Amino acid sequence: MGEIDPAFIQETEYRPVFKTIEADEEIPLIDLSVSTPSDTKEVVSKIGEASKKWGFFQVINHGVPLELRQKIEKVAKEFFDQPMEEKRKVKRDELHPMGYHDGLNGYFKDQISFARFNHYPPCPAPHLALGVGRHKDGGALTILSQDDVGGLQIGRRSDGEWIPVKPIPDAFIINIGNCMQVWSNDLYWSAEHRVVVNSQRERLSIPFFFFPSHYVDIKPLDELINEQNPAKYKEFNWGKFFASRNRSDYKKRERENIQIDHFKASE
Ligand SMILES: O=C(O)CCC(=O)C(=O)O
Ligand SMILES: [Fe+2]
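Computed from a predicted model, the values in this text were never measured in an experiment. (Residues numbered from 1 in each chain as written. Chains lettered and ligands numbered in written order. Predicted model: local features only at pLDDT ≥ 70, side-chain atom pairs only at ≥ 80, totals over all residues. Heavy atoms only, no water.)

Participant: Looking at this structure, I do not really get the overall build of the chain. What am I missing?
Facilitator: In terms of helices and strands, the chain carries five helices and 13 strands. For the chain, the residues scored as buried account for 36% of the 267 residues in total. Sequence-distant contacts, at least 24 apart, represent 79% of the contacts inside the chain between residues at least 6 apart. Accessible surface for the chain amounts to roughly 16100 Å². Of this, 55% is attributable to carbon and sulfur atoms. (Helix = DSSP H or I, 4+ residues; strand = E, 2+ residues; numbered from the N terminus. Buried < 20%, exposed > 50% of the residue type's maximum accessible area, 1.4 Å probe, protein only. Contact = heavy atoms within 4.5 Å. Areas by Shrake-Rupley, 256 points an atom, 1.4 Å probe, with all protein chains shown as cover.)

Participant: Which parts of the structure should I look at to understand the packing of aromatic side chains?
Facilitator: Here the distance between the centres and the angle between the planes together describe a pair of aromatic rings. One pass over the full model with this rule turns up 12 aromatic pairs. Centre to centre, the rings of Phe236 and Phe241 are 4.9 Å apart; their planes meet at 45°, and the pair counts as tilted. Across this residue pair, the class does not change: Phe236 and Phe241 are buried. Residues Phe236 and Phe263 carry aromatic rings whose centres are separated by 4.4 Å and whose planes lie at 25° to one another, so their mutual orientation is stacked. With Phe236 in strand β13 (residues 236-237) and Phe263 in the segment after α5 (238-248), this residue pair connects regions lying 27 residues apart in the sequence. Assigned by exposure class, Phe236 and Phe263 land together as buried. An aromatic cluster is built from Phe114, Phe209, Phe211, Phe236, Trp238, Phe241, Phe242 and Phe263, whose rings are joined through pairwise contacts. The lysine or arginine in question, Arg69, covers the ring of Phe172, its NZ or CZ lying 4.2 Å from the ring centre. Over the face of the ring belonging to Trp189 we find Lys136, whose NZ or CZ atom lies 4.3 Å from the ring centre. (Phe/Tyr/Trp six-rings, centres within 6.5 Å; stacked < 30°, edge-to-face > 60°. Lys NZ or Arg CZ within 6 Å of the ring centre and 35° of its normal.)

Participant: Help me understand the coordination of the iron ion (ligand 2), please; the structure alone is not making it clear to me.
Facilitator: For the iron ion (ligand 2), every protein donor is listed as His135 (NE2), Asp137 (OD) and His193 (NE2), and the spread of their distances is 2.1 to 2.2 Å. As a motif over one chain, the donors of the iron ion (ligand 2) read H-x1-D-x55-H. Of this pair, His135 sits in strand β5 (residues 132-135) while His193 is found in strand β10 (residues 193-195), placing the two residues 58 residues apart along the sequence. Residue His135 is classed as partly exposed on the basis of its relative accessible area, which comes to 24%. (Donors = N, O, S within 2.8 Å, 3.2 Å for Na, K, Ca; no water.)

Listed below in C-alpha coordinates is the structure:
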(Lines give C-alpha, C1' and ligand atoms only; values in the text may rest on other atoms or scores of the structure.)
(Ligands and ions follow the chains in the order given, each with its own letter.)
Protein backbone atom coordinates (compact mmCIF):
# COMPACT_ATOMS: atom_id res chain seq x y z
CA MET A 1 0.00 0.00 0.00
CA GLY A 2 1.66 3.21 -1.11
CA GLU A 3 1.22 6.91 -0.55
CA ILE A 4 -2.23 8.45 -0.63
CA ASP A 5 -2.97 10.57 -3.72
CA PRO A 6 -3.54 14.13 -2.39
CA ALA A 7 -6.59 14.42 -4.67
CA PHE A 8 -8.43 12.05 -2.32
CA ILE A 9 -7.63 13.90 0.90
CA GLN A 10 -10.72 15.72 2.13
CA GLU A 11 -11.05 19.10 3.79
CA THR A 12 -11.35 18.55 7.56
CA GLU A 13 -15.12 19.16 7.57
CA TYR A 14 -15.71 16.43 4.97
CA ARG A 15 -13.50 13.73 6.50
CA PRO A 16 -15.39 10.63 7.63
CA VAL A 17 -15.87 10.18 11.35
CA PHE A 18 -15.48 6.50 12.19
CA LYS A 19 -17.86 6.29 15.12
CA THR A 20 -19.98 3.19 15.40
CA ILE A 21 -23.19 4.18 13.75
CA GLU A 22 -26.09 2.56 15.56
CA ALA A 23 -28.05 1.24 12.63
CA ASP A 24 -31.33 2.48 14.06
CA GLU A 25 -32.58 2.57 10.51
CA GLU A 26 -31.58 1.11 7.19
CA ILE A 27 -32.66 1.80 3.66
CA PRO A 28 -35.60 -0.42 2.65
CA LEU A 29 -35.06 -3.84 1.12
CA ILE A 30 -37.73 -4.58 -1.48
CA ASP A 31 -38.46 -8.06 -2.82
CA LEU A 32 -39.43 -7.69 -6.48
CA SER A 33 -40.94 -11.16 -6.88
CA VAL A 34 -44.66 -10.76 -7.50
CA SER A 35 -47.36 -13.23 -8.43
CA THR A 36 -50.60 -11.28 -8.18
CA PRO A 37 -51.69 -7.75 -9.17
CA SER A 38 -52.02 -6.91 -5.49
CA ASP A 39 -48.36 -7.96 -4.95
CA THR A 40 -47.40 -5.60 -7.76
CA LYS A 41 -49.41 -2.80 -6.17
CA GLU A 42 -47.63 -3.38 -2.88
CA VAL A 43 -44.18 -3.35 -4.49
CA VAL A 44 -45.01 -0.15 -6.37
CA SER A 45 -46.15 1.47 -3.16
CA LYS A 46 -42.98 0.39 -1.30
CA ILE A 47 -40.83 1.84 -4.09
CA GLY A 48 -42.78 5.10 -3.90
CA GLU A 49 -42.39 5.34 -0.12
CA ALA A 50 -38.66 4.52 -0.25
CA SER A 51 -38.12 7.09 -3.00
CA LYS A 52 -39.79 9.76 -0.86
CA LYS A 53 -38.18 8.96 2.45
CA TRP A 54 -34.69 7.93 1.39
CA GLY A 55 -34.21 8.18 -2.37
CA PHE A 56 -32.42 4.84 -1.97
CA PHE A 57 -33.51 1.23 -1.63
CA GLN A 58 -32.18 -2.27 -2.32
CA VAL A 59 -33.93 -4.90 -4.41
CA ILE A 60 -33.74 -8.69 -4.41
CA ASN A 61 -35.33 -11.20 -6.82
CA HIS A 62 -34.71 -8.70 -9.62
CA GLY A 63 -34.32 -11.30 -12.36
CA VAL A 64 -30.72 -10.49 -13.35
CA PRO A 65 -28.87 -13.85 -13.46
CA LEU A 66 -26.17 -14.15 -10.80
CA GLU A 67 -23.75 -15.73 -13.31
CA LEU A 68 -23.95 -12.63 -15.51
CA ARG A 69 -23.10 -10.42 -12.59
CA GLN A 70 -20.21 -12.67 -11.53
CA LYS A 71 -18.85 -12.62 -15.09
CA ILE A 72 -18.87 -8.82 -15.18
CA GLU A 73 -17.17 -8.63 -11.77
CA LYS A 74 -14.48 -11.06 -12.94
CA VAL A 75 -13.72 -8.99 -16.04
CA ALA A 76 -13.64 -5.80 -13.95
CA LYS A 77 -11.21 -7.39 -11.50
CA GLU A 78 -8.97 -8.50 -14.36
CA PHE A 79 -8.91 -4.92 -15.62
CA PHE A 80 -8.02 -3.42 -12.23
CA ASP A 81 -5.35 -6.08 -11.60
CA GLN A 82 -3.39 -4.82 -14.62
CA PRO A 83 -0.26 -2.67 -14.15
CA MET A 84 -0.93 1.01 -13.52
CA GLU A 85 0.56 2.05 -16.89
CA GLU A 86 -2.03 -0.08 -18.73
CA LYS A 87 -4.87 1.44 -16.70
CA ARG A 88 -3.56 4.95 -17.22
CA LYS A 89 -4.21 4.57 -20.95
CA VAL A 90 -7.94 4.97 -20.26
CA LYS A 91 -7.61 7.57 -17.50
CA ARG A 92 -10.28 10.27 -17.33
CA ASP A 93 -9.03 13.79 -17.76
CA GLU A 94 -10.43 17.19 -18.60
CA LEU A 95 -10.37 16.48 -22.35
CA HIS A 96 -11.85 12.98 -21.98
CA PRO A 97 -14.12 13.27 -18.95
CA MET A 98 -15.65 9.86 -19.69
CA GLY A 99 -12.30 8.05 -19.92
CA TYR A 100 -12.51 4.94 -22.06
CA HIS A 101 -15.92 4.98 -23.65
CA ASP A 102 -17.46 2.50 -26.02
CA GLY A 103 -20.07 4.00 -28.29
CA LEU A 104 -21.39 0.49 -29.12
CA ASN A 105 -21.42 1.11 -32.87
CA GLY A 106 -23.96 3.87 -32.54
CA TYR A 107 -26.67 1.51 -31.26
CA PHE A 108 -27.38 3.97 -28.48
CA LYS A 109 -27.07 7.09 -30.57
CA ASP A 110 -29.24 9.39 -28.47
CA GLN A 111 -28.56 7.51 -25.28
CA ILE A 112 -26.00 8.78 -22.86
CA SER A 113 -26.63 6.26 -20.05
CA PHE A 114 -23.51 4.39 -19.00
CA ALA A 115 -22.01 2.00 -16.48
CA ARG A 116 -18.97 2.87 -14.42
CA PHE A 117 -16.53 0.48 -12.78
CA ASN A 118 -15.34 1.86 -9.44
CA HIS A 119 -12.30 0.27 -7.86
CA TYR A 120 -11.29 1.30 -4.33
CA PRO A 121 -7.86 -0.08 -3.34
CA PRO A 122 -7.11 -0.43 0.40
CA CYS A 123 -6.27 3.05 1.68
CA PRO A 124 -3.47 3.80 4.18
CA ALA A 125 -5.42 6.73 5.68
CA PRO A 126 -9.18 6.02 5.61
CA HIS A 127 -9.83 8.77 8.18
CA LEU A 128 -8.44 11.47 5.83
CA ALA A 129 -9.88 10.33 2.54
CA LEU A 130 -13.07 9.32 0.80
CA GLY A 131 -13.27 6.90 -2.13
CA VAL A 132 -15.97 9.11 -3.64
CA GLY A 133 -16.76 12.47 -2.07
CA ARG A 134 -20.31 13.51 -1.19
CA HIS A 135 -22.44 14.02 -4.28
CA LYS A 136 -25.86 13.42 -5.76
CA ASP A 137 -26.25 11.41 -8.96
CA GLY A 138 -27.32 13.75 -11.74
CA GLY A 139 -29.41 11.49 -13.97
CA ALA A 140 -32.80 9.85 -13.64
CA LEU A 141 -31.99 6.66 -11.76
CA THR A 142 -28.89 4.70 -10.75
CA ILE A 143 -28.68 0.93 -10.33
CA LEU A 144 -25.64 -0.05 -8.31
CA SER A 145 -24.00 -3.40 -7.81
CA GLN A 146 -21.60 -3.54 -4.86
CA ASP A 147 -19.50 -6.40 -3.52
CA ASP A 148 -19.47 -7.57 0.12
CA VAL A 149 -16.95 -5.01 1.47
CA GLY A 150 -19.23 -2.05 2.22
CA GLY A 151 -18.38 1.64 2.41
CA LEU A 152 -21.31 3.38 0.72
CA GLN A 153 -23.07 5.84 3.03
CA ILE A 154 -26.10 7.96 2.29
CA GLY A 155 -27.23 11.22 3.84
CA ARG A 156 -30.61 10.64 5.49
CA ARG A 157 -33.26 12.96 4.05
CA SER A 158 -34.65 13.89 7.46
CA ASP A 159 -31.42 15.03 9.15
CA GLY A 160 -28.43 14.45 6.84
CA GLU A 161 -26.95 11.78 9.14
CA TRP A 162 -24.63 9.40 7.20
CA ILE A 163 -26.23 5.95 7.14
CA PRO A 164 -24.21 2.96 5.85
CA VAL A 165 -25.73 0.78 3.14
CA LYS A 166 -25.33 -2.84 4.18
CA PRO A 167 -24.04 -5.17 1.45
CA ILE A 168 -26.70 -7.80 0.73
CA PRO A 169 -25.68 -10.74 -1.47
CA ASP A 170 -27.08 -10.48 -5.02
CA ALA A 171 -29.08 -7.31 -4.27
CA PHE A 172 -28.99 -4.18 -6.39
CA ILE A 173 -29.11 -0.71 -4.86
CA ILE A 174 -31.40 1.73 -6.65
CA ASN A 175 -31.20 5.47 -6.15
CA ILE A 176 -33.17 8.42 -7.39
CA GLY A 177 -31.15 10.95 -9.39
CA ASN A 178 -31.53 14.69 -9.79
CA CYS A 179 -33.82 14.48 -12.86
CA MET A 180 -36.35 12.31 -11.02
CA GLN A 181 -36.35 14.73 -8.08
CA VAL A 182 -37.13 17.62 -10.43
CA TRP A 183 -39.75 15.66 -12.45
CA SER A 184 -41.51 14.75 -9.18
CA ASN A 185 -41.25 18.36 -7.95
CA ASP A 186 -39.32 17.25 -4.83
CA LEU A 187 -41.65 14.37 -3.94
CA TYR A 188 -38.85 11.89 -4.61
CA TRP A 189 -35.42 12.58 -3.22
CA SER A 190 -32.01 12.45 -4.83
CA ALA A 191 -29.90 11.68 -1.76
CA GLU A 192 -26.37 12.78 -1.18
CA HIS A 193 -24.01 9.83 -0.84
CA ARG A 194 -20.30 9.11 -0.43
CA VAL A 195 -17.94 6.17 -0.12
CA VAL A 196 -15.60 5.59 2.81
CA VAL A 197 -12.56 3.38 2.29
CA ASN A 198 -10.73 0.96 4.54
CA SER A 199 -7.12 -0.10 5.05
CA GLN A 200 -7.73 -3.84 4.62
CA ARG A 201 -9.74 -4.75 1.57
CA GLU A 202 -10.18 -3.47 -1.96
CA ARG A 203 -13.75 -2.85 -3.09
CA LEU A 204 -15.53 -2.95 -6.44
CA SER A 205 -18.80 -1.29 -7.32
CA ILE A 206 -20.59 -0.94 -10.64
CA PRO A 207 -23.20 1.81 -10.97
CA PHE A 208 -25.36 2.05 -14.09
CA PHE A 209 -26.58 5.60 -14.61
CA PHE A 210 -29.86 5.97 -16.48
CA PHE A 211 -29.75 9.33 -18.21
CA PRO A 212 -32.25 11.11 -20.40
CA SER A 213 -31.13 11.91 -23.96
CA HIS A 214 -28.93 14.99 -24.06
CA TYR A 215 -31.55 17.19 -25.76
CA VAL A 216 -34.23 16.62 -23.09
CA ASP A 217 -35.33 19.65 -21.06
CA ILE A 218 -36.00 18.82 -17.41
CA LYS A 219 -38.80 20.42 -15.39
CA PRO A 220 -41.48 19.31 -12.93
CA LEU A 221 -44.21 17.23 -14.62
CA ASP A 222 -47.23 19.34 -15.64
CA GLU A 223 -49.69 16.90 -14.04
CA LEU A 224 -48.11 17.44 -10.63
CA ILE A 225 -48.23 21.20 -10.75
CA ASN A 226 -51.13 23.36 -9.58
CA GLU A 227 -51.74 26.44 -7.46
CA GLN A 228 -51.15 24.59 -4.20
CA ASN A 229 -48.09 22.85 -5.57
CA PRO A 230 -46.27 25.29 -7.84
CA ALA A 231 -43.21 24.21 -9.81
CA LYS A 232 -40.17 24.24 -7.55
CA TYR A 233 -37.69 24.25 -10.45
CA LYS A 234 -37.05 26.21 -13.58
CA GLU A 235 -36.55 24.23 -16.78
CA PHE A 236 -33.00 23.25 -17.67
CA ASN A 237 -31.38 21.25 -20.43
CA TRP A 238 -30.06 17.87 -19.32
CA GLY A 239 -27.17 17.68 -21.83
CA LYS A 240 -25.81 21.07 -20.78
CA PHE A 241 -26.27 20.31 -17.08
CA PHE A 242 -24.43 17.01 -17.44
CA ALA A 243 -21.60 18.44 -19.53
CA SER A 244 -21.06 21.23 -17.06
CA ARG A 245 -21.00 18.81 -14.10
CA ASN A 246 -18.52 16.62 -15.91
CA ARG A 247 -16.20 19.53 -16.60
CA SER A 248 -16.36 20.90 -13.08
CA ASP A 249 -15.55 17.44 -11.62
CA TYR A 250 -11.97 18.30 -12.52
CA LYS A 251 -12.01 21.67 -10.86
CA LYS A 252 -13.79 20.75 -7.67
CA ARG A 253 -11.19 22.41 -5.54
CA GLU A 254 -11.83 25.81 -7.10
CA ARG A 255 -15.49 25.70 -7.95
CA GLU A 256 -18.61 24.02 -6.62
CA ASN A 257 -20.17 21.43 -8.90
CA ILE A 258 -23.41 22.58 -10.51
CA GLN A 259 -26.45 21.30 -8.58
CA ILE A 260 -30.21 21.19 -9.25
CA ASP A 261 -30.63 23.64 -6.39
CA HIS A 262 -29.24 26.25 -8.78
CA PHE A 263 -32.47 25.85 -10.78
CA LYS A 264 -34.82 26.32 -7.82
CA ALA A 265 -37.76 28.43 -8.95
CA SER A 266 -37.49 30.91 -6.09
CA GLU A 267 -33.89 31.86 -6.89
O1 LIG B 1 -19.17 2.87 -4.96
C2 LIG B 1 -20.31 3.13 -4.59
O3 LIG B 1 -20.90 2.43 -3.76
C4 LIG B 1 -21.03 4.36 -5.10
C5 LIG B 1 -20.33 5.09 -6.19
C6 LIG B 1 -21.05 6.32 -6.62
O7 LIG B 1 -21.77 6.92 -5.87
C8 LIG B 1 -20.93 6.81 -8.01
O9 LIG B 1 -20.10 6.27 -8.78
O10 LIG B 1 -21.67 7.77 -8.36
FE1 LIG C 1 -23.12 8.26 -6.93
